[in-house]
Amino acid sequence: MSENFKKLFKKKINKQARMIFSFQAAVFLAMLGYMIFKIIYLRSTTGLTDTIINELSGSFIESGIPIILGLFLGMIVVLFHRKSKLFTYDLLVQNKKMTLKNFLKLFLCFMFVQAIFTVGATGIENLFNLFGYTLMEGMESATETSIMFSMFIYASILGPITEEIVFRGALLRGLEKYGKLFAIIVSAVLFGAFHSNLIQGIFTTLAGLLLGYVAIEYSIKWAIVFHIINNLVLGDILGSILSYFSLGTQSIINYILLILAFFGGIFVLFKSWGSIKKYIRENKSDRTVFCKTFLHNIAKKKYTP
């Protein structure tokens, strides 16, 4: 691989990374702007007493309105980067047809990741407790159910759709020319980093690998479906149902679900291990292919990652 190609390759990868960090910055700035607006408005109308400040802080955390506004602004940034490709390719490309058998296998794998995350997060928390630290807040933010209706809409519907458009649409498709496996891994890592939370970041990176595979081998609509199932069904709906039971019963149900998810996922991975190794072998990035594909497209002025 020539030094010139390395520089061009790095430039294109940095372009994709800038898109993601610009998206995250836009989300943050929109949320910050909303908070500043609320403070100025309340100060000019009712005054900022300690009670109002506490209520404002609580509503800002529990409300989904700031983050929804942030996602809207962030999507404008992504559209600026991808332009018409977002609608003419990223969100339209389809590969294989999803069958019920494959859907159930992928669902069990998703549940397996949930089980690994739950057990792993508990283990990490216990380890940190030995040194007088805690990551429990990170665990709670990754597993808590929605409180306000706007937060429910964000966490269960708008969040999954937007994140899939950004990470498994614009980003994944922008990287796929470098190889499917490369695109899946990089988009998953950046997806985990986007959540800015150690505990949640580990889970979302693992989930991102599965979602990336689903998007690139089937279509982004199935990645959206699995993401909504995770947030809406396994998060809000299941959490709401369990809340009607005693803590002891909740623990028993959770343990049963964890065991079923763990061994179900193990069974699917064991049965599919040969296919998984073959997929990795056939789709791992090849430097020679990188170079030929990239230079060929540059020469024809058709390279539009």
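In this text, all values refer to a predicted model and were calculated from it rather than measured experimentally. (Residues numbered from 1 in each chain as written. Predicted model: local features only at pLDDT ≥ 70, side-chain atom pairs only at ≥ 80, totals over all residues. Heavy atoms only, no water.)

1. So, helix α8 (residues 180-194)
No. 1: Its 15 residues place the ends of α8 21 Å apart at the C-alpha level, agreeing with the 21 Å of an ideal helix rising 1.5 Å per residue.
No. 2: Buried residues of α8: L181, F182, A183, I184, S187, A188, L190, F191, G192 and F194, and no others. (Helix = DSSP H or I, 4+ residues; strand = E, 2+ residues; numbered from the N terminus. Expected span 1.5 Å × (residues − 1). Buried < 20%, exposed > 50% of the residue type's maximum accessible area, 1.4 Å probe, protein only.)

2. Brief notes about the nonpolar core
No. 1: With 48 residues, the main nonpolar core has I20, F23, M98, V166, F167, L171 and F226 as its most contacted residues.
No. 2: Of all elements in the fold, only α1 (3-45), α3 (65-82), α5 (100-130), α7 (149-175), α8, α9 (198-217), α10 (220-242) and α11 (247-283) reach the threshold of two or more residues within this core.
No. 3: Counting residues per element, this core draws most heavily on α7, which supplies nine residues. (Core = buried A, V, L, I, M, F, W, Y, C linked by side-chain atoms within 4.5 Å.)

3. Some remarks on the packing of α7 against α9
No. 1: Running from amino to carboxyl end, α7 crosses α9 at an angle of 65°, the nearest separation of the two axes being 10 Å. Considering how the two elements wind past one another, α7 and α9 form a crossing that is right-handed. Side by side, α7 and α9 meet where E164, R168, L172 and R173 of the first sit next to G208, L211, G212, A215 and I216 of the second.
No. 2: Classifying every residue of the contact of α7 with α9 gives four nonpolar, two polar and three charged. (Axes fitted to C-alpha atoms, helices over the stretch in contact; angles between N-to-C directions. Left-handed = near helix turned anticlockwise from the far one by under 90°. Contact = heavy atoms within 4.5 Å. Nonpolar A, V, L, I, M, F, W, Y, C, P; charged D, E, K, R; others polar.)

4. What to know about the environment of N231
No. 1: Considering the arrangement of structural elements, one finds N231 in helix α10.
No. 2: C-alpha separation for the pair N231 and F152, spaced 79 residues apart in sequence, amounts to 9.5 Å.
No. 3: Apart from the residues within four sequence positions on either side, N231 is in contact with A155, S156, P160 and D236.
No. 4: A polar atom in the side chain of N231 sits 2.8 Å from the side chain of N230. (Polar contact = N/O pair within 3.5 Å; in protein donor to acceptor, adjacent residues only side chain to side chain.)

5. Some details on unusual backbone geometry
No. 1: Positive phi is not limited to glycine here, since K83 has a value of about 55°.
No. 2: Mapped onto the elements, K83 comes out in the loop between α3 and α4 (85-90).

6. Digging into the confidence of the model for the protein
No. 1: Scored by pLDDT, the protein has a mean of 81; 80% of the residues are at 70 or more.
No. 2: The spread of mean pLDDT over the elements of the protein runs between helix α12 (residues 287-299), the lowest at 48, and α4, the highest at 92.
No. 3: Segment residues 292-305 is flagged for pLDDT under 50; beyond a separation of four residues in sequence, or across chains, it makes 20 contacts in the model. (pLDDT = per-residue confidence, 0-100.)

7. Some thoughts on the environment of G70
No. 1: Structurally, G70 can be placed in helix α3.
No. 2: Of the residues examined, G70 reaches a relative accessible area of 0% and is grouped as buried.
No. 3: Sequence separation of G70 and A25 is 45 residues, and the distance between their C-alpha atoms is 9.1 Å.
No. 4: Those residues in contact with G70, other than ones at most four positions away along the chain, are A26, V27 and A30.

8. A look at the packing of aromatic side chains
No. 1: In the structure shown here, the tally under the stated rule is 13 aromatic pairs.
No. 2: Both rings, one in F103 and one in W222, keep their centres 6.0 Å apart while their planes meet at 65°; by these two values the pair is edge-to-face. Linking F103 in helix α5 with W222 in helix α10, this pair joins segments that are 119 residues apart in sequence.
No. 3: Given the relative accessible area of 18%, F103 is considered buried.
No. 4: A network of ring pairs unites the aromatic residues F23, F167, F191 and F194 as a single cluster.
No. 5: Across from the ring centre of F80, 5.1 Å away, lies the NZ or CZ of K83, which sits over that ring.
No. 6: We note R168 situated over the ring of F191; from NZ or CZ to the ring centre the distance is 4.2 Å. (Phe/Tyr/Trp six-rings, centres within 6.5 Å; stacked < 30°, edge-to-face > 60°. Lys NZ or Arg CZ within 6 Å of the ring centre and 35° of its normal.)

9. What to know about the side chain of S150
No. 1: As for its position among the elements, S150 is in helix α7.
No. 2: Judged by relative accessible area, S150 falls into the buried class, the value being 15%.
No. 3: Within polar-contact distance, the side chain of S150 engages the backbone nitrogen of G64 at 2.9 Å.
No. 4: Sequence-distant contacts of S150, defined by excluding residues within four places in its chain, comprise S63, G64, I65 and I68.

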